[in-house]
Every structure is written in C-alpha cells, then in structure tokens.
Amino acid sequence: PQAAPPFARRKCREYSERSPRVLGEPCVARLLGFTVELQPVGTVKCLKRGGCSLNDWEAKTWSVPRSWLLSVPEPRGNGGSTLHVLQCLEDLYGDEWTSFIVLLIHSGGYSQRLPNASALGKIFTALPFGEPVCQMLELKLAMYIDFPRHMKPGVLVTCSDDIELYSTGPTETLTFDKPGFTALAHPSDLAVGTTHGVFVLDPSSFSGEGGLEYASCRRFLHKPDVETMRRCGAVCVRGASAPPTSECVYTDSIFYIDQSAAKHLLTFYKEVGTLCCEIDAYGDFLQALGPGATHDYTQDTSNATAEEPGLVEVRRKLYSLLRGTALNVIVLNNSRFYHIGTTQEYLFHFTADSKLNVIQSVLEPGGRVGPGAVVEYCQIGPGASVGQGSIISGACIGPGADVPSGCLLSSLSVKVSGQVRYVSMAFGVEDDLKKSVKLLSDVHSLQFFGVGLLECLALWGVKVSEQLFSSENTRLGLWTARIFPVCSTLSESVRMSLKMLNSVRHMTAFDLSGFQLLSVEEMLTYKDVEDMLKFRKQIYDEICQQRQKEKSDL
C-alpha cells in the first residue's frame, strides 16, 4: 500500500526488537501480550501440515511451541469458527481461558480469489518489504503490538488479508476495556461502504477531527446500499479541514469481544450444537448490537454466502442473545483500510509505488519482469520474461520462457503415491475461480483466460465428463476442473502450464491426454508443504550468497 512503508517498517522494527529470533516459552503471541493466538483455517492442512512452516518460519529461525500457536478447522463461516474457537479454548484450558487476551485470525477459506495464497494460507502472504521479507502474520503482530497493554481479557477478531494503518497523537491510545464489543472505524467513500460494514454513529459523540475518538454507535449496517446509509443516518461530513461537500461513512475492520460477551456466545454455541448454516462474524454478530438495532436483518439473506434453510432461525437466536449489548467504536480519522484478498487488490496495492515487485526471488541475467507484476519466491531464468500485471508464485521459469501478461501462475509441490511431484496452476488474473455450475451442459459458461472452457478443453484433447471435475457436490468450475498436468520437476510443470496458456492464446492444439491431471482442489489436498518451504529456503540461501559475493567484490 502507498501509505504502508513508513508505518509498517517502523512497527516491524519495534516488533523485531521485542521479539528475539529464537523463542522458547513464552512464545511469540504471549511475548507480545496476547495469551493465545488461533488461526481457523478453511484448508486445515494449511497450518496443521504446516507445523514445519511454523517451526521453521520460512527462512528465519523462529521456534514457536505448537501448544501456543494453534490452528482449528473453520466450520460454517467465520462466525461459526469464532464460536468453535471459544469452545476449543475452554476444552484446552478450562476456566483459565476467561483470563486470556486472544488474537483470532480468520483464514478466509480457500482463497479462491487469490489462489497463489491458497496452499500456505493468506496469513503467510509475503509483503514487498523487510529483510528477510515480512509476511502478513508478522505485520499483523507488528500492527497490534501495543493493543494488549490496553486491553482487558477478551478476543480480538481480525482477518488474514487486510491491513489497518492509522495515525494518532502522541498521547492518544487505543483502549479495549469497555463491556460488549469494540470496533475500529475508518472514514471511507460511500462506494466503499456498499461492500463493507458501516457504523451508524451518534453525531453528538464525535467531531471527525483529530486522530482518535471514542464514539457511540446506534447500529451496524452490513454492506448497505447508499440509500440505506442515508436513511439510517450513517453518512457524515468529513472534519472542518476537508472540503465542505466531502461525505463519508465509517467502515469496519477488526473488532474486540469482551470476556462477558464471549462467554454468552459460547453458551449459545453449546445450546445450538452443530451449526446448520454459515454464520458471519460481522453481519450476524454486529448487526444485533447497539440501541438502534432491529431484527429486520435476520430475514435479509441477500448478503449471505449461501441461502440456507436454518440461517434465519439462527440469526433470530443470535439477535435475541446479543440485543442490548453495547457496540463501542474507536473512530480513527487518520486511517486507511486495505484489503488484499483478490488478485486485482493484490496487484493494485503491491505495485502502487513501483513499476514491479520482485519479492524474495532470483532474477538471472537477461530476465525481465513487466510493470505492475508481482513475482514471489521464484527463479526467473536467463532471458525469461514475465508480462505486465501478472502474479507468479513459487515457480521455476526456464531460460527464454515467456509468461504472458495478466497471468496468474502458482506452482505447488504435491505428494502422489508417496512421490513428490509438481503441478503449476495457471489462470488469467481476472478468471472467476469461485464460479461454478451444477450441470455439464452449463460448462460452456465458464471462462479460462478469456476463452470459453469448452474451447480450451477441445484444444487440450480433454473430454467433458463427470470425471473431468473433482467435486462430489456438483460444483463444476475452474477450481474443480482436472486440467493441470503432474510433472516430475518444478520447471517442467511450469513449462507444461505455459504451453496450455499459449495453446489458448494462439488457438493451437496441445494434447494433455498423456498426463495425470489434477484440479486446484486436489492440488491443495495433495500439497507437500515441506517441499515447498525447502524450495523457498533454497532461494533465500542463493540470495544471501549473491549479496555476500557483491559485498566481497566491493
């Protein structure tokens, strides 16, 4: 992000100074003031198989005891996983958990809108600064480093694909000590409000001036349209220093649940038992809060991930449970909220200040990376080129290879029949991996790199049948299509996937009939995290050797 480097670097330096590189008990989370840190993950293996990635935190020398850094499966949405985490805490620690300050990071599921983060999880997304490069987890800990000192026992809820930057006065402090829920609020354009949560603040409780204000919140709106924002009184005029016609709304990011409210939620979870529908931690928790909250939202399923039969009833029970609970808001007038959960957002924010970003990668002589592209954990061979606006991750690109513009290429190590093999997924950065159809007759509506999937399959010699898709519940889409060849080397897998792309670009045949083919869904099932991290460490070691040689030459 444009505003990120000064704040992020300062905070990461402070974080590093307070966090020695080798940690015994207490671990990272407790050292920073958080008692326990949990990450619910949609793809459970992301961290459970990634025990190695936590113990050998990339190319660094972190040592994190597993008993303090936990991962749990994410059942039925981020709201359901929040409830499940509370249950896990009680199961693990008994009544002691009520004295904890918990950092709860939601994984965001399978990362279908940013598939280069699917294998290891968005929380380990590499950022374009730091030496070695910082990851999202470290930036999260750096941003929240001061919070526990001013926080009573409770749960701080955040996502793994957003960044909150803010500026406050030297004596202003973010304090989380009020009963109920406490949320951060950021001034945003009305258009941004339509895709986020919006607070309806009491205008007499804040001025819109200064860096930080504590405001009263009447109610919370979840992804409202502009008309609803105006009707409910959510639209504000920016402070006196802004143009007189400058309207804004205050949108959500992270929020805190005090211990009493958390215990109420846990009691609810125990009474309900197995959840029959997805619950949203923002839409279904926060909309029930504040004196102006109404039960109308319980019937509105337009913003639900899926319209499930039990959703309305569960929402009614949550509304009854939380009605009257306070929603306290910390207004951060000088702040920005960045979301990097999609390919377009990722490219926009990571390339805003430069023409290209090469993150922890080796670029051989003559290798070129186009403007607006991001390359992470890659080896780019001599004379190879990466087109503009592309995302390349974990790949070994051979000499003279040409990666087209607007391409997403991400390589994974997989274990098939006990052997380590390699598969590279390749898509257009604008391809919709979440889109699916229920019938084979509707597959024609799917697009791959701007071309109908049926045309692509014909070029590749792949027949359309039920065996083409790995999904068992009629989710037929790019995510579940078995189209990517399994290869014996990393560089070969990249070469084969590039041939697939080129056959589509030039409408020439490329026969895949001789290969074992996997879908992205299956790639994540068979992924070999240890081998992927081994490749990253090899790159890091090579970069260190190159820098050492450059110093010696000087």
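Residues numbered from 1 in each chain as written. Predicted model: local features only at pLDDT ≥ 70, side-chain atom pairs only at ≥ 80, totals over all residues. Heavy atoms only, no water.

## Description of the nonpolar core
Within the largest apolar cluster, 102 residues are counted, with the highest numbers of intra-cluster contacts made by Ile397, Phe448, Trp460 and Phe484. Formed jointly, this core draws a minimum of three residues from each of two domains, domain 1 (6–339) and domain 2 (357–542). Counting residues in each nonpolar core, the second largest holds 51 residues, with Val157, Leu201, Tyr250 and Ala261 among its members. (Core = buried A, V, L, I, M, F, W, Y, C linked by side-chain atoms within 4.5 Å. Buried < 20%, exposed > 50% of the residue type's maximum accessible area, 1.4 Å probe, protein only. Domains from an automatic or database assignment.)

## Thoughts on the packing of helix α9 (residues 259–272) against helix α11 (residues 311–322)
Where α9 contacts α11, the two axes come as close as 11 Å, and the packing angle between them is 145 degrees. The element α9 and its partner α11 pack so that their crossing is right-handed. The residues of α11 that touch α9, namely those facing His264, Leu265 and Phe268, are Val314, Lys317, Leu318, Leu321 and Leu322. Class assignment of the residues belonging to the contact of α9 with α11 gives a composition of six nonpolar, one polar and one charged. (Axes fitted to C-alpha atoms, helices over the stretch in contact; angles between N-to-C directions. Helix = DSSP H or I, 4+ residues; strand = E, 2+ residues; numbered from the N terminus. Left-handed = near helix turned anticlockwise from the far one by under 90°. Contact = heavy atoms within 4.5 Å. Nonpolar A, V, L, I, M, F, W, Y, C, P; charged D, E, K, R; others polar.)

## Quick notes on the sheet that holds strand β17 (residues 379–380)
Note: strands within a sheet are paired through backbone hydrogen bonds, in either parallel or antiparallel orientation. If you trace the three strands from one edge of the open sheet to the other, you get β14-β17-β20, paired in parallel fashion. Of all the strands in the sheet, just β14 (362–363) and β20 (396–397) have a single pairing partner and so form its edges. (Pairing = 2+ DSSP bridges.)

## A short note on the sheet that holds strand β21 (residues 402–403)
Reading across the sheet, the three strands line up as β15-β18-β21 and stay open at both edges, with parallel pairing between neighbours. The open sheet has two free edges, formed respectively by β15 (368–369) and β21, since each of these has just one partner strand. When β15 meets strand β18 (residues 385–386), the two strands line up parallel, connected through two bridges. What sits directly across from valine 369, in β18, is valine 386.

## Quick word on the pattern of salt bridges
Counted according to the given criterion, the structure contains 14 salt bridges. Among the salt bridges present, the one from glutamate 313 reaches arginine 316, with a minimum N-O distance of 3.8 Å. Of this pair, glutamate 313 and arginine 316 both sit in helix α11, three residues apart, which is roughly one turn of the helix. Here aspartate 528 and lysine 415 are joined by a salt bridge, their closest N and O atoms 3.5 Å apart. On the criterion of sequence distance, the pair formed by aspartate 528 in the loop between α15 (520–526) and α16 (529–553) and lysine 415 in strand β22 (residues 407–416) is long-range, its members being 113 residues apart. On the basis of relative accessibility, which here comes to 4%, the residue aspartate 528 falls in the buried class. The structure contains a network of salt bridges with shared partners spanning Lys140, Asp162 and Glu164. (Salt bridge = Lys/Arg side-chain N within 4 Å of Asp/Glu carboxyl O.)

## Some remarks on the confidence of the model for the protein
The predicted coordinates should not be examined in detail at positions where pLDDT is low. Model confidence for the protein is summarised by a mean pLDDT of 85, while 84% of its residues fall at 70 or above. Predicted confidence for residues 1–5 stays below pLDDT 50, and this span has 12 contacts to residues more than four positions away or in other chains. Taken together, the stretch residues 19–32 has pLDDT below 50 and engages in 38 contacts with residues farther than four places along the chain or on a different chain. (pLDDT = per-residue confidence, 0-100.)

## Some points on the environment of valine 374
With respect to the helices and strands, the residue valine 374 is situated in strand β16 (residues 373–376). Overall, the relative accessible area of 0% leaves valine 374 in the buried class. Distance in space between the C-alpha atoms of valine 374 and glycine 389 is 7.5 Å, their sequence separation being 15 residues. If near-sequence neighbours (up to four positions away) are discounted, valine 374 is found in contact with Tyr346, Leu347, Phe350, Thr351, Asn357, Ile359, Ser390, Ile391 and Ile392.

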